[in-house]
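# Fold and geometry: a report
If you want the building blocks of each chain, they are given just below.
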Amino acid sequence: MRFTTSFFYMLMCSCSLQLTAQQLTTEPAPEQKVVFIIVDGIANDMLKNTETPQLDAIAQDGGYTEAYVGGEKEGYSKTPTISAVGYNSLLTGVWANKHNVWGNSIKDPNYNYPTIFRLFKDVYPNKSTAIFSTWLDNRTKLIGTGLPQTQHVEVDYAFDGFELDTIRFPHDPMRDYIKNIDALVATEASAYIKSNAPYLSWVYLEYSDDMGHGYGDSPQLTQAIKYEDSLIGKIYDAVKYREQNHNEDWLIVVTTDHGRSAHDGKGHGGQSDRERATWIVTNSKATNSYFKNETPAIVDILPTLTSFLDIPVADATRAEWDGVSLIDPVDLTHPTATLKGDQLVITWENLTNPNTEVTLLSSKTNAFKTAGKDAYSKLGTTTTGAESYEISLEKSDQAPVKILIQTRHTTRNVWVTQ
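### Description of the overall build of the protein
- Within the protein, the secondary structure is distributed over 14 helices and 14 strands.
- Over its C-alpha atoms the protein spans a radius of gyration of 24 Å, differing by no more than 12% from the 22 Å that the globule rule assigns to 418 residues.
- Counting only residues that meet the buried cut, the protein has 52% of its 418 residues in that class.

### A look at the sheet that holds strand E9 (residues 343–350)
- The antiparallel open sheet is built from three strands, whose spatial order is E8-E9-E12. Of all strands in the sheet, those bounded by a partner on one side alone are strand E8 (332–340) and strand E12 (388–392). Along the sheet, successive strands turn relative to each other by an average axial angle of 10°, direction set aside.
- The pairing of E8 with E9 spans seven bridges and is antiparallel.

### A few points about the sheet that holds strand E11 (residues 376–383)
- Taken in spatial order, the four strands make up an open sheet running E11-E10-E13-E14, and their pairing is antiparallel. The open sheet is flanked by E11 and strand E14 (411–415), the only strands paired with a single partner. Averaged over all neighbouring strand pairs, the angle between strand axes comes to 20°, with direction disregarded.

### Description of unusual backbone geometry
- One non-glycine residue, Gln 151, lies in the positive phi region at around 60°.
- Note on placement: Gln 151 falls in the loop between helix H7 (137–143) and strand E4 (157–159).
- In this structure Gln 151 comes out as exposed when scored by relative accessible area, which is 55%.
- Phi at Arg 175 is positive, roughly 65°, even though this residue is not glycine.
- Tracing the backbone through its elements, the reader meets Arg 175 in the loop between E4 and helix H8 (176–196).

### Considerations on helix H13 (residues 301–308)
- Within H13, seven of the eight residues are buried, which leaves the element mostly enclosed by the surrounding structure.
- For H13, the set of buried residues is Ile 301, Leu 302, Pro 303, Thr 304, Leu 305, Thr 306 and Phe 308.
- Elements that come into contact with the buried residues of H13 comprise strand E1 (31–39), helix H4 (83–92), helix H6 (116–123), strand E6 (248–255) and strand E7 (277–282).
- Directly beyond the C-terminal end of H13, a positive phi value near 55° is found at Asp 310.

### A short note on the pattern of salt bridges
- All chains considered together, the criterion is met by 19 salt bridges.
- Of the charged contacts, one joins Glu 248 and Lys 33 as a salt bridge, the two residues approaching to 3.2 Å between their closest N and O atoms. Of this pair, Glu 248 sits in strand E6 while Lys 33 sits in strand E1; the two residues are 215 residues apart in sequence, bridging distant segments of the chain.
- By relative accessible area, Glu 248 is classed as buried at 9%.

### A closer look at the packing of aromatic side chains
- This model, assessed by the stated rule, comprises 16 aromatic pairs.
- Plain terms: the ring middles of Tyr 87 and Trp 202 are 6.3 Å apart, the flat faces sit at 70° to each other, and that makes the pair edge-to-face. Taken together, the positions of Tyr 87 in helix H4 and Trp 202 in strand E5 (residues 200–205) put the pair 115 residues apart, joining distant regions of the chain. Here Tyr 87 and Trp 202 have matching classes, each one buried.
- Of the aromatic side chains, those joined through ring pairs into one cluster are Phe 36, Tyr 87, Phe 117, Trp 135, Trp 202 and Tyr 204.
- Lying over the aromatic face of Tyr 199, Lys 33 brings its terminal NZ or CZ to 4.5 Å of the ring centre.
- Taking the ring centre of Tyr 241 as reference, the NZ or CZ of Lys 194 above it sits at 4.6 Å.

### Things to note about the environment of Ile 37
- Secondary-structure assignment places Ile 37 in strand E1.
- Residue Ile 37 is classed as buried on the basis of its relative accessible area, which comes to 0%.
- Taking the C-alpha atoms as reference points, Ile 37 and Asp 61, 24 residues apart in sequence, are found 17 Å from one another.
- Residues contacting Ile 37, with those up to four places away along its chain left out, are Val 203, Leu 205, Ile 232, Ile 235, Ile 252, Val 253, Val 254 and Thr 255.

Thresholds, definitions, all that
- Residues numbered from 1 in each chain as written.
- Predicted model: local features only at pLDDT ≥ 70, side-chain atom pairs only at ≥ 80, totals over all residues.
- Heavy atoms only, no water.
- Helix = DSSP H or I, 4+ residues; strand = E, 2+ residues; numbered from the N terminus.
- Rg over C-alpha atoms; globule rule 2.2 N^0.38 Å.
- Buried < 20%, exposed > 50% of the residue type's maximum accessible area, 1.4 Å probe, protein only.
- Pairing = 2+ DSSP bridges.
- Axes fitted to C-alpha atoms, helices over the stretch in contact; angles between N-to-C directions.
- Contact = heavy atoms within 4.5 Å.
- Salt bridge = Lys/Arg side-chain N within 4 Å of Asp/Glu carboxyl O.
- Phe/Tyr/Trp six-rings, centres within 6.5 Å; stacked < 30°, edge-to-face > 60°.
- Lys NZ or Arg CZ within 6 Å of the ring centre and 35° of its normal.

And the structure:
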């Protein structure tokens, strides 16, 4: 049988296309990796008024949003705008009324609300984690490494505790030792990420908060913010190096733990707008409309990290979160539940198609707080566009303690108030 030249050409092209398709289907997906950075005590207005080219570069690659800390202002989840409290709200995705860290002494954390490190290690015990931090307590008390309450969770690489090394870093009144520790921490984080690339890393920088306490709104604080920005740039350079030279997809999230007092910027801890006003910067190009159009909270970071790292989370744990993902669809926000006599009134704000179905559930217990299980019963269904649901309770019936508002994409929980 005779074949023309054009036949052989078509045959070769067909084989080439098949080979290309095979190569595409067998190439492994990029490994998902995360580094989150907490840079302490920078109110949103301070960030806006200071030149921060490194954070600007991250935001240009992804996005920036105003955010908040402090829970529901004057509500049941009211949370002090204090450092360790803010860190733990990020780590657990819940406010202080649940995680039970009320100050920097970190007296009695409720480890029944697991941190991102616990959630990650429970699913991926052989994947590496790291922490780079001034405060030793971030690892030993907040993450709770080695404790029976956290199932002895460990961080694979810990570069922390340098505030306790007074030989290497003698404590001076100008707090230059913290500045030097931040440089050491950021330099190590950059080098270790570049060479070892942990799947989950936490970097903590403190110097900006120290300058805030010492000088308030001042040139010293402005310079400290610029300094921290330069350190963040080192870490982001390492992330970009990994993405360019390895089959890895990185999410970087940078935020702060609280704002500063409105009077002079020296203090924090209260519920003033400036103390609550923070920000989030990320390289993610997949941020949702909630990130872009609403004001997210520090508790929204944990659901974002679990989603990006593909961490399956138990429904009971997810139901306790006070935050939602910044990279997945979010159907509703701002849930409330109020008992007025025997009338239970539940409200929310719709963020999606108003015909999206909503299911309302209630629990008469808060057993999760003590490692127990809560039984939820269905109250009814409606649509997100209704933005409210009312039901009359039997006078002899025990009032619900918690409400779940669920759609296909979103679960929001709220405690019932009177």
